[in-house]
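Structural features, examined
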Amino acid sequence: TPEVLESLETASLAAQFESPTDFPDGRMILPALVSGRTRLLIGQPGGSFVPLLQTQEETGPLVIRVGESKVALLVGSGSKQALTLASVKEGRILRRFDDTEGKTIEELAASPDGKTLYYVSSGSVWSVPSEGGSSHKLCVGDGVAVDPNGRDLIVNLIEQQQVRLERFPLPDGPPQEIHVESKDPIIPMPVGPETINRAGKMLVGVVPNDSWFFRMGILNLSTGVVTRVPLNYQADIFMSTWTNDERILSVASTIRAHIWRFRPIH
């Protein structure tokens, strides 16, 4: 039975499909709706949460940790939205990547050393130096995860019949298909940035044949075998990440129903 750290009643629909973000000091980032605008909040579970950045622009819901004290995130809205690098300690934007402005970005990831950012846009995986520079298209992909070895990316491709996984050796490939053995199909969603641990185990979402809810599986990248994680929790598990102490942090979406009765006043 998982421990529920925090829950939100006012999160955007997109927020449930984003990977959770936590820090070594126990703080975590939550995507929320504040006055109808997307805002990223930071705080300790069970405590108060405050805005991540001192800005009036919309922030998130996409965000990833870069090193110990920085994050990469989307800031702005519509054609003015762009990928940025920000300081968590100072609560301010450090750098804006102008060539990403107006792009539809579906996922973010960062290299283990924090020197390179990766993002998915228009069915392709791109890289950009975190210190600034132009984006470079790497390969076709709908989601991206970074292997802790720093030498490979794991990319998923959402096709009509199935979801395929490929290993992309940096810097130029070519991609190598990963054979997957699973009785439960992998969900057609991006894989998530920090889903691979140092033992080569990758967290993936699966669609069980015996459950209404999406569940979590662990893919052994060496053997291709997926093992479902048994959970006593009635909710859809969308995105998961490994924590520093090898626990699993997930975003779940529960289903709640309410019956309302209205009495006419005469």
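One can find the structure itself at the top, above this paragraph.
Residues numbered from 1 in each chain as written. Predicted model: local features only at pLDDT ≥ 70, side-chain atom pairs only at ≥ 80, totals over all residues. Heavy atoms only, no water.

Regarding the nonpolar core
Rules: In these notes, a set of buried Ala, Val, Leu, Ile, Met, Phe, Trp, Tyr and Cys residues joined through side-chain atoms within 4.5 Å is what counts as a nonpolar core. For each residue, the accessible area found with a 1.4 Å probe, counting protein chains only, is set against the maximum for its type, and the residue is called buried under 20%, exposed over 50%, and partly exposed in between. Helical segments are the DSSP runs of H or I of at least four residues, strand segments are the runs of E of at least two, and each set is numbered from the N terminus. Any two residues whose heavy atoms approach within 4.5 Å at even a single point are treated as in contact.
Judged by nonpolar contacts, the single largest core of 15 residues is most densely connected at Val66, Leu83, Ile105, Leu108, Leu117 and Tyr119. Within the residue set of this core, elements represented by two or more residues are strand E5 (59-66), strand E6 (70-75), strand E7 (82-87), strand E9 (105-110), strand E10 (116-121) and strand E11 (124-129). Apart from the residues lying within four places of it in its own chain, the contact partners of Val66 are Val71, Ala72, Leu85, Ala110, Gly114 and Leu117. Within the second largest apolar cluster, 14 residues are counted, among which are Ile154, Val191, Val204 and Leu219.

Some points on the sheet that holds strand E15 (residues 163-169)
Our working rule: The pairing criterion for strands is at least two bridges between them, as found by DSSP. Geometry is summarised by axes, namely lines fitted to C-alpha atoms with helices restricted to the contacting stretch, and by angles between N-to-C directions that run from 0 to 180 degrees.
Spatial ordering of the open sheet is given by E13-E14-E15-E16, a layout of 4 strands whose pairing is antiparallel. Sheet topology places strand E13 (143-146) and strand E16 (176-178) at the edges, where each strand pairs with a single neighbour. Looking at each pair of strands side by side, their axes are set apart by 30 degrees on average, direction ignored. With 7 bridges connecting them, strand E14 (residues 152-158) and E15 associate as antiparallel partners. The partner of Asp152 across the bridge, within E15, is Pro169.

Quick word on the packing of aromatic side chains
Each aromatic ring pair is specified by the distance between its two centres and by the angle formed by the two planes. Which entries qualify depends on this criterion: The criterion for an aromatic pair is that two Phe, Tyr or Trp rings (for Trp, the six-membered ring) have centres within 6.5 Å, with stacked assigned to planes under 30 degrees apart, edge-to-face to planes over 60 apart and tilted to the rest. The criterion is that NZ of a Lys, or CZ of an Arg, lies within 6 Å of the ring centre and within 35 degrees of the ring normal, and then a charge sits over that ring.
Applying the stated rule across the entire model yields 2 aromatic pairs. Aromatic side chains Phe214 and Phe238 sit 5.8 Å apart centroid to centroid with 75 degrees between the ring planes, which places their arrangement in the edge-to-face category. On the criterion of sequence distance, the pair formed by Phe214 in the loop between strand E17 (201-206) and strand E18 (215-220) and Phe238 in strand E20 (residues 236-242) is long-range, its members being 24 residues apart. A relative accessible area of 25% places Phe214 in the partly exposed class. A cation over an aromatic ring shows up here: Arg27 above the ring of Phe23, its NZ or CZ 5.8 Å from the ring centre. Its end group placed over the ring of Trp126, Lys103 keeps NZ or CZ at 3.7 Å from the ring centre.

Brief notes about the sheet that holds E18
If you walk across this open sheet you meet the 3 strands as E17-E18-E19, and the pairing is antiparallel. The two strands at the open ends of the sheet, each matched to only one other strand, are E17 and strand E19 (226-228). Across the sheet, the mean angle from the axis of one strand to that of its neighbour is 35 degrees, orientation sign disregarded. Judged from the 6 bridges that link them, E17 and E18 form a sheet pairing that is antiparallel. Note on E18: the bridge partner recorded for Val204 is Gly217.

Thoughts on the side chain of Thr100
Secondary-structure assignment places Thr100 in the loop between strand E8 (92-96) and E9. Setting aside its immediate chain neighbours within four residues, Thr100 contacts Gln81, Ala82, Leu83, Ile105, Tyr119 and Ser135.

Details of the pairing of E13
Where a strand is regular, its side chains alternate between the two sheet faces. Residues of E13 alternate between two faces, with Gly143 and Ala145 on one and Val144 and Val146 on the opposite face, all of them buried. When E13 meets E14, the two strands line up antiparallel, connected through 4 bridges. What sits directly across from Val144, in E14, is Val155. Counted between consecutive antiparallel strands, the loop separating E13 from E14 contains 5 residues, among which Gly150 sits at a positive phi close to 75 degrees.

Quick word on the pairing of E8
Here 4 bridges tie E7 to E8, and the two strands are oriented antiparallel to one another. Bridged to Leu85 within E8 is Arg95. As consecutive antiparallel partners, E7 and E8 are separated by 4 residues, and within that stretch Gly91 has a phi angle of approximately 65 degrees, a positive value.

Considering the environment of Ala110
Secondary-structure assignment places Ala110 in strand E9. In sequence terms Ala110 and Arg65 are 45 residues apart; their C-alpha atoms lie 7.7 Å from each other. Beyond its immediate chain neighbours, meaning those up to four positions away, Ala110 contacts Ile64, Arg65, Val66, Thr116, Leu117, Tyr118 and Val146.

Overview of the pattern of salt bridges
When their charged atoms lie close together, side chains carrying opposite charge are able to pair. The condition that has to hold: Any Lys or Arg side-chain nitrogen found within 4 Å of a carboxyl oxygen on Asp or Glu counts as a salt bridge.
Applying the stated rule across the entire model yields 13 salt bridges. Linking Arg92 and Glu90 is a salt bridge whose minimum nitrogen-to-oxygen distance equals 2.4 Å. Using a relative accessible area of 42% as the deciding quantity, one classes Arg92 as partly exposed. Here Arg167 and Asp147 are joined by a salt bridge, their closest N and O atoms 3.2 Å apart. In this pair, Arg167 sits in strand E15 while Asp147 sits in the loop between E13 and E14, placing the two residues 20 residues apart along the sequence. Both residues of the pair, Arg167 and Asp147, count as buried. Each of Glu159, Arg164, Glu166 and Glu177 takes part in one network of salt bridges that share partners.

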